[in-house]
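Structural characterization, general
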Amino acid sequence: QDRARLPPLPRDSRAQSLAAPRGAARARPLRGAMGGVDWETQLRSAEDALKDSKFFDGVQYINACMEAYGKDQGDEEGKIVKDPEAFTAEYSGKLSAEQKESLKRMYEVRGDIITGLGAHRRAAADYAAAQALAGAEAESLAKKQKSAEDAAKGPLKSAEKIPVTVITGFLGSGKTTLLNRILKENHGKRIAVIENEFGEVGIDDALIEAGPMTTEENIVEMNNGCICCTVRGDLIAGLKRMVKNAQKTGKFIDAVIIETTGLADPAPVAQTFFADDFVQQKLALDGILTVVDAKHLIAHLDEEKPEGVENESVEQVAFADRILLNKTDLATEEELAEVERRIRMINQGVEIKRCKYSEVDMDFILGIQAFSLDKILEMDDAFLADDAEHQHDDRVSSVGIHCPGEVDQALLNDWIGWLLKERGVDIFRTKGVLAVQGMPQKFVFQAVHMAFSGAPQKEWAPGEEKVCKLTFIGKNLNREELEGGFKKCLVA
């Protein structure tokens, strides 16, 4: 059976896919007659969302409600949401009994909503603020606070949910190699895979090797778009389809692995597991694994980006629950120590494992219950905001080539050698599956900047059409130069 492919979103809907995944009507602040946010209406909407277990929508309503209420009291810094203890200490003495009751109600509702999303430590702070404002209800709020504090001490209890592992990391760090190691490992788990490529021509589908417990039907590919933005709606659709198919067939899934593109910001991907009600109820993030290239990481961390554009490498390190410091054989001990120092400047407490060829114990990466919404909110208090913006570097693009026929190996070697020498700094990633004249196997090659590797893999099947597929991802790519240069290598 062919691997399932999800079509890209229609072009006119892509711009909305981050804020409003397909089929979901997102919560928006309700404004009063003078244009300001009506906090009382927002509070009622938050309470309704809470009753319906629509926790992500509830967060949008209650945050808008509290921010508007705080501004009415003179809070221009957003302390009411960011620092409940400081806000109540500063403003409670200025509030009437009726105002205190309204504020208590807000904090309790927010605590209940955040509890539903799993941010127990943050919920405890909201319950404490509500308790400080309460009279006769202080005892019940104290119980909620204690329950949240106890829940925050241990790993997330989500036995009824399917654990999801996100593998991220910059282009060429070794993500697909790690994925193949997981799939081939004898762990007895039925694993479903969502694999996302940035390039125009899919290459990774030829590189992924289904293991003994992973069938082709459980591998979903999403090409020519990034799941942190343009095809995020397809990610949600793919997750829903996997779960529903498993329920229908009785072939239940033990885990899901998502391999992002090397240009993905993991924050919007992680937010997906809270933004969609079905996904939030059926799946839970187990951990974000970031694979980093020991030789090239620092250069990518230091890359200057245009104004308003995030550095993906920095975000991938910052959101990591585990980091695989890969390709250690290409760096000296001094270089590795410096890479680890730079990682800890961004993510101080993250566990780092040095490795070569993405070889790592499965206990370090699967079933780790390492993702913490509380930790993310402490780092990025806007993580749950529905209108978060994400912008890729417009200078970075992909060029895909798909040609029938075979290449001359000598001409190919000369051209690739010239290309990587002259353009390698700007070509972040090159990969391809080629038909080479006189070679019975498919030749699979990969390159990261100037570092090139390739080898014959599976043989061409009898009667299979000989085609060459390759993808370049980089900065300021010249499509005409790349296509013209490759076609000169084809056998006439």
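In what follows, the accompanying structure is described. Predicted model only: the values in this text are computed from it and were never measured. (Residues numbered from 1 in each chain as written. Predicted model: local features only at pLDDT ≥ 70, side-chain atom pairs only at ≥ 80, totals over all residues. Heavy atoms only, no water.)

**Observations concerning the sheet that holds strand β12 (residues 451–459)**
Where we set the bar: Strand pairing requires that DSSP identify at least two bridges connecting the strands. Secondary structure elements follow DSSP: runs of H or I no shorter than four residues count as helices, runs of E no shorter than two count as strands, and numbering proceeds from the N terminus. The axes used here are C-alpha line fits, helices contributing only the stretch in contact, and every angle between their N-to-C directions lies in the interval 0 to 180 degrees. Here a residue-residue contact requires only that any non-hydrogen atoms of the pair lie within 4.5 Å.
In spatial order, the strands read β9-β13-β10-β11-β12; together these 5 strands make up an open sheet with antiparallel pairing. Across the chains shown, the open sheet's two edge strands, defined by having one partner strand only, are β9 (396–404) and β12. Between one strand and the next, the sheet's axes are offset by a mean angle of 10 degrees, whatever the strand orientation. Summarising the sheet, β9 and strand β13 (residues 467–475) pair through 9 bridges and their orientation is antiparallel. Across the sheet, Gly400 pairs through a bridge with Thr471, a residue of β13. Set on the sheet, helix α17 (residues 409–423) makes contact with β10 (427–435), β11 (441–448), β12 and β13; between it and β10 the angle comes to about 170 degrees. In the packing of helix α18 (residues 479–487) onto the sheet, the strands contacted are β9, β10 and β13, and the crossing angle to β9 comes to about 25 degrees.

**Topic: the nonpolar core**
One recurring pattern in soluble globular proteins: nonpolar side chains tend to sit buried together. Let me state the cut-off plainly: Take the buried residues of types Ala, Val, Leu, Ile, Met, Phe, Trp, Tyr and Cys, join any two whose side-chain atoms come within 4.5 Å, and each joined set is a nonpolar core. Classification of residues uses two cut-offs on accessible area relative to the type maximum, computed with a 1.4 Å probe and protein chains only: under 20% is buried, over 50% is exposed, and between them is partly exposed.
Grouped together as the largest cluster of nonpolar side chains are 67 residues, with contacts concentrated most on Phe383 and Leu384. Residue contributions to this core peak at 9 residues, all from helix α2 (residues 55–72). Judged by nonpolar contacts, the second largest core, of 25 residues, contains Val407, Leu412, Leu419 and Leu477.

**Focus: unusual backbone geometry**
Both trends apply: most residues other than glycine have a negative phi, and most peptide bonds are in trans. Even without a glycine there, the phi angle at Tyr357 is positive, about 55 degrees. With respect to the helices, strands and loops of the structure, Tyr357 is situated in the loop between β8 (351–354) and α16 (373–379). For Tyr357, a relative accessible area of 55% translates into the label exposed.

**Remarks on α18**
Rules: In this context, the arc is that of the directions from the helix axis out to the C-beta atoms. Polar contact criterion, stated in full: a pair of N or O atoms within 3.5 Å, where within protein one must be able to donate a hydrogen and the other to accept it, and residues adjacent in sequence count only if both atoms are side-chain atoms.
Along α18, the residues that are buried comprise Leu482, Gly485 and Phe486. The buried residues of α18 all sit within an arc of 95 degrees when viewed along its axis, so they share a single face. The N-capping residue of α18, defined by a side-chain oxygen 3.2 Å from the backbone nitrogen of Glu480, is Asn478.

**Describing the packing of helix α1 (residues 39–51) against helix α5 (residues 97–117)**
The condition that has to hold: Each helix crossing is assigned a hand: it is left-handed if the near helix lies turned anticlockwise from the far helix by less than a right angle, otherwise right-handed if that turn is clockwise. Think of it as three bins: nonpolar holds Ala, Val, Leu, Ile, Met, Phe, Trp, Tyr, Cys and Pro, charged holds Asp, Glu, Lys and Arg, and polar takes everything else, Gly as well.
α5 packs onto α1 with a crossing angle of 35 degrees between their chain directions and a minimal axis gap of 10 Å. Seen from above, α1 lies across α5 with left-handed handedness. Here Trp39, Leu43, Arg44, Ala46, Glu47 and Leu50 of α1 lie close against α5, whose contacting residues are Ser102, Arg105, Met106, Val109, Asp112 and Ile113. Looking at the contact of α1 with α5 residue by residue, the classes come out as 7 nonpolar, 1 polar and 4 charged.

From the geometry alone we can't say anything about function, so treat these as descriptive.
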